[in-house]
Amino acid sequence: MASIERTAYPRLKQRLSKAELQDFYTPTLEEKFFIRENARSEEPQLHLLVQLKTFQKLGYFPNLEDVADSIIKHLRTSMSFKDEIFPLVIPRTLYRHQSLVRQFLEVENYHKSARKLIIKAVYNAANVMDNPADLINVAIEELIKNRYELPAYSTLDRLVGRIRSLVNRRLFQTILRRLNLTQISTLEKLVEPDSQSYRTPYNSLKQLPKKATLKHLQELLTHLEWLVGIGDFKEVLQNISPLKIKHFYAQAKALDAREIKDFADAKRLTLLVCLTHRSQIKARDALIEMFIKRMAKLHQKGKDALHMMRLKQMGTTEKLISVLSNMLQKVDLQQSDAKVGKNIKNYFGQQDLEVLLQDCEAVSAYFGDNYFQMIWQFYRSHRQTLFRLVKTLEFTSTSNDQSLIESLAYLIENENKKSEHLKAESDLDFAAEKWKQIVLKTVDGLPVFDRKHFEICVFSHLAQELKAGDIAIQDSEEYADYRNQLLAWNDCQPLIKEFCAEMNLPDNQTDFVENLKNELQKTAEIIDRGYPKNTALSVDEKGNLVLRKIEKQEISAASKALESAIVDRMPERNLIDILSNVQFHTNWMRHFGPLSGSDPKLKNPLERYLLTLFTYGCNLGPSQAARHMRGIISAHMISFVNHRHVNLKKLDAALVDLLDNYHRFRLPKFWGDGKHASADGTKYDLSEQNLMAEYHIRYGGYGGIAYHHVSDLYVALFSHFINCGTWEAVYIIDGLLKNDSEIQPDTLHADPQGQTTTVFGLSYLLGIELQPRIRNVIDLIFYRAEKKKKFKNIDALFSETIDWNLLETHWKDLMQVVLSIKVGKILPSTLLRKLGNYSRRNRLYFAFRELGRVIRTKFLLKYISDKEFREEINANTNKVEAYNGFSKWLNFGGEILQENDPEEQEKLIKYNTLVANALIFQNVIDQTRIIKNLMLEGFEVKAEDLKILSPYLTAHIKRFGDYVVDLTEVPPPLDIEYTFSI
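Presented here is a report on the structure given in the accompanying data block. (Residues numbered from 1 in each chain as written. Predicted model: local features only at pLDDT ≥ 70, side-chain atom pairs only at ≥ 80, totals over all residues. Heavy atoms only, no water.)

## Topic: the pairing of strand 12 (residues 716-723)
Note the threshold: Relative accessibility under 20% of the residue-type maximum defines a buried residue, over 50% an exposed one, and the middle range a partly exposed one, all with a 1.4 Å probe and only protein chains included. Working definition: helices are DSSP H or I runs of at least four residues, strands are E runs of at least two. Numbering for both runs from the N terminus. Strand pairing requires that DSSP identify at least two bridges connecting the strands.
Within strand 12, 8 of the 8 residues are buried, which leaves the element mostly enclosed by the surrounding structure. Linking two consecutive strands that pair antiparallel, namely strand 11 (residues 702-711) and strand 12, is a turn of 4 residues; a positive phi of about 85 degrees is found at Y714 within it.

Following this line, the structure appears as structure tokens:
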């Protein structure tokens, strides 16, 4: 049975705040008239009102004994009834009242038609999703949408359980029928132990990639070849939902060979097929990631070698300069040509001309920045492995340009040639000019390729274009053809009008471009007129922009006194108690449970979930945490709960519950309105044997980046864990789109790392106002709307003009992308990874870049002209930086994330986000109560004093000692936190 707490099935709360009673249970004048018209005396009237208001809240009629006394008291007061009036009626009146409520609310009772309706909806949903709670929510949504009364929860649970089992059985049987005997035999061997080692190949299916070394690249290639040898299951899984496949993959990944053998044949083989299929995809993605990193490493070694060569040749260069200097001293232009020639000849007669010539050739060979010719000495050890890689994978071009694909085929064809040169039978249009200089040669009057440099050239551009999305990998995920993830244009056309109306955009290319042009021109004109009054901005004759720094705002003595008083009174708490309190107020851990979605078969599940959240949220690790828990829970149980009962989706759902409850607090409204969020990353160390670990110049050291989206209300809305080598701006939009809480920002701030022209363009189309902090405005380009248009004061700022024809031409491409994102076909990060400045042929890159130039220029004009605007951006970005330090303080178990699985790494970051937000939640409760008490004591509290407060308080928190959960202590209600005012 699926726990009711994990579903959207409405339930009555027994403890309600005054605000909740006022909002949900106060009858309107129309409802009072309905009550008095259909019931004569006070007791039936109160009963009818209870039935009406509880049905409005729940969608069904609860048992009267389940209705909280506070609700009945509130309803009694709203009708001005005496305290001795109770909602008591005979059964016949009860049925009549329920019928009246249905008529009044225009709702039908649950009957056969409703049952048929939800059977169809749940059956269709069960072919895509698997969690029973999600399927029950589908049924609830369908009933509410069609205005049906909800049946008892047990009715929905039984119905959904039968449908889900039916769908899964049919799916398992379908896959079983599609498998041939050879495939079945191969799959069964995966869970059979070896006669000598007693180990099964099953765990090898879950093998994780290691650091991107040549040895590990070779091992991963071997692993992929073994995976492919198990079988190609694309046809077996044809027409089965990718989400369903991913669910079965996650389920199989969490099991061991002994457990999976206990399943029936059809289910066992289905799990093995999905695990193998997804493992093949992930291995290809990891292989390309390693390949790209290895090629980058080879190029870095080439650059280093060139630098060392130049250092070594400094003496030779100085010697040649000395020779030239002495020779020039021998030249007197006043003398005859014969005399000058004789002097030069006599001078060079004293030199070893052959040695001088060799020295000149050596210096000339390494003159300039073309380090490509230095790569060969490092490439040779990789050659065999790289050829093996490109013969293992299937590459396709995502544009009409096939030159690189053709060159790759030509390269493979000539792999075993030993000659120094190859016939120039391949097109080098894809290659950079510096590559052509060393690859193209002329021998006996015929063009040829320098074979070794041609190989490196092809592999280098292959890595570059895989990263840019110009080349795709068959049967990959991260490096698949992004075009296949976009909505077809025919599917986009019906959506454009409604989408553009929602985003307040013109719905055709001509008006779209004209509107942008007018906005850019108008903004520039306004800034130009206001320039003389702008004391913080100046532009010199060369066009250099000088922007005065933001002055630090002084905090008043009254604000400091309030802050100090609050800090002194904050009650001492430990983190376990805080998590327990937040669980009581939000019930956020209702989302944790087995992947099957059924009730947890654990002893004291809530206690185990709290301790697991604490363990991983503070990066203690199961073994270290268990030693401090007085034998309550073992390290094995903590690890078991983490792997079997918690995944990324469940952590995100728990976060939404916390955020929605936090949003009801009054105090955070003094800090912001929830319409602004800031994104920033902080580095976490990883173990070296990790594919994600990479050196980050800005942060220093190896690791990964925890990328947080933090509201102006101080809570984190979403968290990612990303590669150090990834430009942070790629993930800046994802966090807002994946945020399902009631806190929905429309303005996004970031550091300079969080902005590119493509991000500005995509944000604009999605209705997100991107407002990053800019450090060096002078280094950015301002674009004119029209080349001939000049400005009196700020004309020197503008250096280039927008290509409006490009935007009009690719308007359909822009709409196709943004609509694909809106309907969930593709994530912004998936697209933005392909739209870096290394993309040469991607038309989307050029279209989004041009749109972004318009939007960024408008932003920059406002940024340089509005001091308050800059201060607001700075204040919001300071919040996310403070949050990074706050969350790191809670990560006291260790500085290194020990997990190598990317999914587990992201889970650790999300665990930490939950713990950090829980502490913020508790701090706001405590701060609110302290402020209320201070006011009662006569302390003057003003709104401007509250604005400087922060919930990032830690001095009163105990992090160390024994960790014990006490779920029996009930925290006080939160009425004050919701309603207090200044």
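## Overview of the packing of aromatic side chains
Which entries qualify depends on this criterion: We call Phe, Tyr and Trp rings a pair once their centres come within 6.5 Å, taking the six-membered ring for Trp, and we label the pair stacked below 30 degrees between planes, edge-to-face above 60, and tilted otherwise.
Tallied over the full model, the rule gives 28 aromatic pairs. For the pair W376 and Y379, a centre-to-centre distance of 5.5 Å together with 45 degrees between the ring planes defines the contact as tilted. In this pair, W376 and Y379 are both assigned in helix 17 (residues 376-379), 3 residues apart and thus about one turn of the helix distant. Taking relative accessible area as the criterion, W376 reaches 16% and is therefore assigned buried. Ring plane angle 70 degrees and centroid distance 5.2 Å describe the contact between F892 and F960, whose orientation is recorded as edge-to-face. You can see F892 sitting in the loop between helix 36 (867-890) and strand 17 (896-897) and its partner F960 sitting in the loop between strand 18 (957-958) and helix 39 (975-979), a full 68 residues away along the chain. Judged by its relative accessible area of 15%, F892 is buried. The exposure class assigned to F960 is exposed, which follows from its relative accessible area of 58%. Taken together, W671, Y714, Y883, F886 and Y952 form an aromatic cluster joined through their ring pairs.

## Comments concerning the sheet that holds strand 2 (residues 421-423)
Quick reminder of the rule: Helix axes use the C-alpha atoms of the stretch in contact, all axes being lines fitted to C-alpha atoms, and the angles between their N-to-C directions lie in the range 0 to 180 degrees. Contact between two residues is taken to exist if any of their heavy atoms lie within 4.5 Å; hydrogens are not considered.
Pairing in this open sheet of 3 strands is antiparallel, and the strands run 2-4-3 from one edge to the other. Looking at the sheet topology across the chains shown, the edges are occupied by strand 2 and strand 3 (440-443). Here the strands of the sheet are splayed against their neighbours by 50 degrees on average, with no regard to which way each runs. By the bridge criterion, 4 bridges tie strand 3 to strand 4 (residues 446-450) in an arrangement that is antiparallel. When the bridges of strand 4 are listed, K441 appears paired with V448. Lying on the sheet, helix 21 (residues 451-468) is in contact with strand 2 and strand 4; it crosses strand 4 at an angle near 65 degrees.

## With respect to a nonpolar patch on the surface
Our working rule: Surface patches are defined over residues having more than 30% relative accessible area and no salt bridge, joining like charges when they lie within 9 Å and nonpolar side chains (Val, Leu, Ile, Met, Phe, Trp, Tyr) when within 5 Å. All accessible areas in this document rest on Shrake-Rupley with a 1.4 Å probe, and a residue is counted as covered only by the protein chains that are shown. The term salt bridge refers to a side-chain nitrogen of Lys or Arg lying within 4 Å of a carboxyl oxygen of Asp or Glu.
A surface patch of nonpolar side chains, amounting to about 280 Å² of accessible area, comprises M308, L311 and M314. Mapped onto the elements of the fold, M314 is located in helix 14 (residues 314-329). Residue M314 is classed as partly exposed on the basis of its relative accessible area, which comes to 44%.

## Some thoughts on helix 31 (residues 757-765)
Burial of helix 31 is extensive: 9 of the 9 residues sit out of reach of the surface. What helix 31 keeps buried is the set T757, T758, V759, F760, G761, L762, S763, Y764 and L765. Check the buried side of helix 31 and you find it contacts helix 22 (489-503), helix 23 (509-530), strand 14 (769-772), helix 33 (811-822), helix 34 (828-832) and helix 35 (843-865). Two residues or fewer after helix 31 comes G767, characterised by a positive phi angle close to 75 degrees.

## Concerning the layout of surface pockets
Here is the rule: Grid points spaced at 1 Å over the protein atoms alone were grouped into cavities, where a 1.4 Å probe fits but cannot get out, and pockets, open sets with protein on both sides within 12 Å along at least five of seven lines, with lining residues defined by an atom within 4 Å of a point. Grid points are joined across faces, edges and corners, and a volume is the space filled by probe spheres set on the points. Ten residues, namely Ala, Val, Leu, Ile, Met, Phe, Trp, Tyr, Cys and Pro, are considered nonpolar, four, namely Asp, Glu, Lys and Arg, are considered charged, and the remaining ones, Gly among them, are considered polar.
Its boundaries defined by the atoms lining it, the second largest pocket holds a volume of some 1,400 Å³. Lining the second largest pocket are 43 residues, and of these Q553, E871, N874, A875 and N878 sit closest to its centre. For the lining of the second largest pocket, the secondary structure elements donating two or more residues are strand 7 (545-547) and helix 36. At 9 residues, the largest contribution of residues to the lining of the second largest pocket is made by helix 36. Counted by class, the lining of the second largest pocket contains 17 nonpolar, 10 polar and 16 charged residues.

## Notes on the pattern of salt bridges
Under the counting rule described, the total for this entry stands at 39 salt bridges. Two residues, R278 and E477, come together in a salt bridge whose shortest N-O distance is 3.0 Å. Of this pair, R278 sits in helix 13 (residues 265-312) while E477 sits in the loop between strand 5 (471-473) and helix 22, and the two are 199 residues apart along the sequence. Among the salt bridges present, the one from D751 reaches R773, with a minimum N-O distance of 2.8 Å. With D751 in the loop between strand 13 (747-750) and helix 31 and R773 in the loop between strand 14 and strand 15 (782-784), the pair connects residues that are 22 residues apart, well separated along the chain. Residue classification places D751 among the buried positions, given a relative accessible area of 7%. Owing to a relative accessible area of 12%, R773 belongs among the buried residues under this scheme. Each of D751, R773, R775 and E881 takes part in a single network of salt bridges with overlapping partners.

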